[in-house]
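# Structure assessment
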Amino acid sequence: MNKKILLLGSGELGKEFVIAAQRIGQNVIAVDSYENAPAMQVAHGFEVINMLDGAELDRIVAKHQPDFIVPEIEAIRTERFYEYEKQGITVVPSAKAANFTMNRKAIRDLASKDLGLRTANYRYATSAAELQKAVAEVGMPCVVKPLMSSSGKGQSTIKTEADILKAWQYAEEGSRGDIVEVIVEAFVNFNSEITLLTVTQNGNPTLFCAPIGHRQERGDYQESWQPAIVSDKDITEAQEMARKVTESLGGAGLFGVEFFLTDEGVYFSELSPRPHDTGMVTLAGTQNFNEFELHLRAILSLPIFEITLEKTGASAVILATGNSANPTYSGISTVASLPKTDFRIFGKPTSRPYRRMGVVLTYDSLETNIEIITEKAKEAAKLITINL
């Protein structure tokens, strides 16, 4: 069962996916906008193109004739996916899922209007003037996010009138795509936020991983831990919401479904149709299969009997502090000497402020307090410095 996979986006999540695919004999072509991206370093081949260029996408699909197209990022001309499905290529999880979830507008409207899931009050805006009107309608504080972005790029919080123009300018800078539009969300007074990794299968039941807690700064995750402490009532509600939205989108694969946990119940936040950055905690061996292995097995229609929680674990990101064309690392030996600790250096060829360059992983028995594990990961991540 040797399949050819065209991976669109070749960052650290793509790299771990390629490693999982290599382990069971699959052929992967990694695609990104720059050479030597992390996933390219471990793939069978690579292409460097602008994935927002539909003609370029068509060209490499025709060249490689893949069995599967696996998107890893948002900045792709996803409307071409419907044509590729007609050609008999499997788009992961499906062309509909990729199109809806690559754009926050489509997925939010599906969740809120079509499926009736509980979400924050929201509006859309395509200009600074429209943003001002939207803010007036949802109230302050509120959160502004480009419809096309990832890892918190372009995301900000509006607390005063003076923040509105700055928020629009920041969203313009962080938007991935050729049309700038933002979603304006009323601030949800949440107690915690979780990612529920949800695995849809061809002909087999939908499965859920143990919930993952996470903390964000600048719209990007800083630490994640598994399992998050969630009440039975909230986890049941989150699973039902995740099942509804993933079944509506169709296809097989792993989805990262994000929720806010509040006193009023569970709020649907966002969804990614692929392995999630907070799910890198599963690289600590917290589960019988990590999120990348689950995504691959679901794609290939390999039956997944169950997902079991094996350990507690945490991840903490290693961030760059400045720009470098040749970043090097100090402190790795110190982290390597710590018990029940591991790390990944992603191999990104350049750095910039706040770019995620690696992750530290900690783990222990299921009886161990998750806060202790998470604090250990945070402290260990501080021991690795990036030399500019």
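This structure is a prediction, so every number in the text was calculated from the model and none was measured.

## A look at the UniProt feature "binding site: Mg(2+)" (unreviewed entry) in the protein chain
Here, UniProt's "binding site: Mg(2+)" (unreviewed entry) annotation points to Glu258 and Glu270. By secondary structure assignment, the location of Glu258 is in strand 14 (residues 253-262). If we skip the residues at most four places from it in the chain, Glu258 touches Ile194, Thr195, His214, Gln216, Tyr267, Phe268, Ser269, Glu270 and His276. For Glu270, the location among the structural elements is in strand 15 (residues 265-272). Overall, Glu270 belongs to the buried group, its relative accessible area being 16%.

## Describing the sheet that holds strand 9 (residues 182-186)
The strand order 6-9-7-8 describes an open sheet built from four strands, whose pairing is antiparallel. For this open sheet the edge positions go to strand 6 (122-125) and strand 8 (156-158), each flanked by a neighbour on one side alone. Each strand axis lies, on average, 30° off the axis of its neighbour in the sheet, ignoring direction. Across four bridges, the pairing between strand 6 and strand 9 is antiparallel. From the neighbouring strand, Ala125 faces strand 9, where its bridge partner is Val182.

## So, the sheet that holds strand 5 (residues 90-91)
Read from one edge to the other, the open sheet built from five strands follows the order 3-2-1-4-5, with strand pairing classed as parallel. At either end of the open sheet lies a strand with only one pairing partner, and these are strand 3 (45-48) and strand 5. Examined bridge by bridge, strand 4 (residues 68-71) and strand 5 share two bridges and lie parallel to one another. Bridge pairing links Ile69 to Val91 in strand 5.

## Digging into the UniProt feature "binding site: N(1)-(5-phospho-beta-D-ribosyl)glycinamide" (unreviewed entry) in the protein chain
In the UniProt entry, the feature "binding site: N(1)-(5-phospho-beta-D-ribosyl)glycinamide" (unreviewed entry) is given for Glu12, Leu13, Glu72, Asp277, Lys348, Arg355 and Arg356. Looking at where Asp277 falls in the secondary structure, it is placed in the loop between strand 15 and helix 9 (291-299). For Asp277, the residues in contact, after removing those within four places along its chain, are Leu13, Asp220, Tyr221 and Arg356. With residues near it in sequence (within four places) discarded, Lys348 still touches Glu12, Pro38, Pro327, Arg355, Arg356 and Met357. A polar atom in the side chain of Lys348 sits 2.8 Å from the side chain of Glu12.

Analysis parameters
Residues numbered from 1 in each chain as written. Predicted model: local features only at pLDDT ≥ 70, side-chain atom pairs only at ≥ 80, totals over all residues. Heavy atoms only, no water. UniProt positions renumbered as here; feature names shortened; annotations may be inferred. Helix = DSSP H or I, 4+ residues; strand = E, 2+ residues; numbered from the N terminus. Contact = heavy atoms within 4.5 Å. Buried < 20%, exposed > 50% of the residue type's maximum accessible area, 1.4 Å probe, protein only. Pairing = 2+ DSSP bridges. Axes fitted to C-alpha atoms, helices over the stretch in contact; angles between N-to-C directions. Polar contact = N/O pair within 3.5 Å; in protein donor to acceptor, adjacent residues only side chain to side chain.

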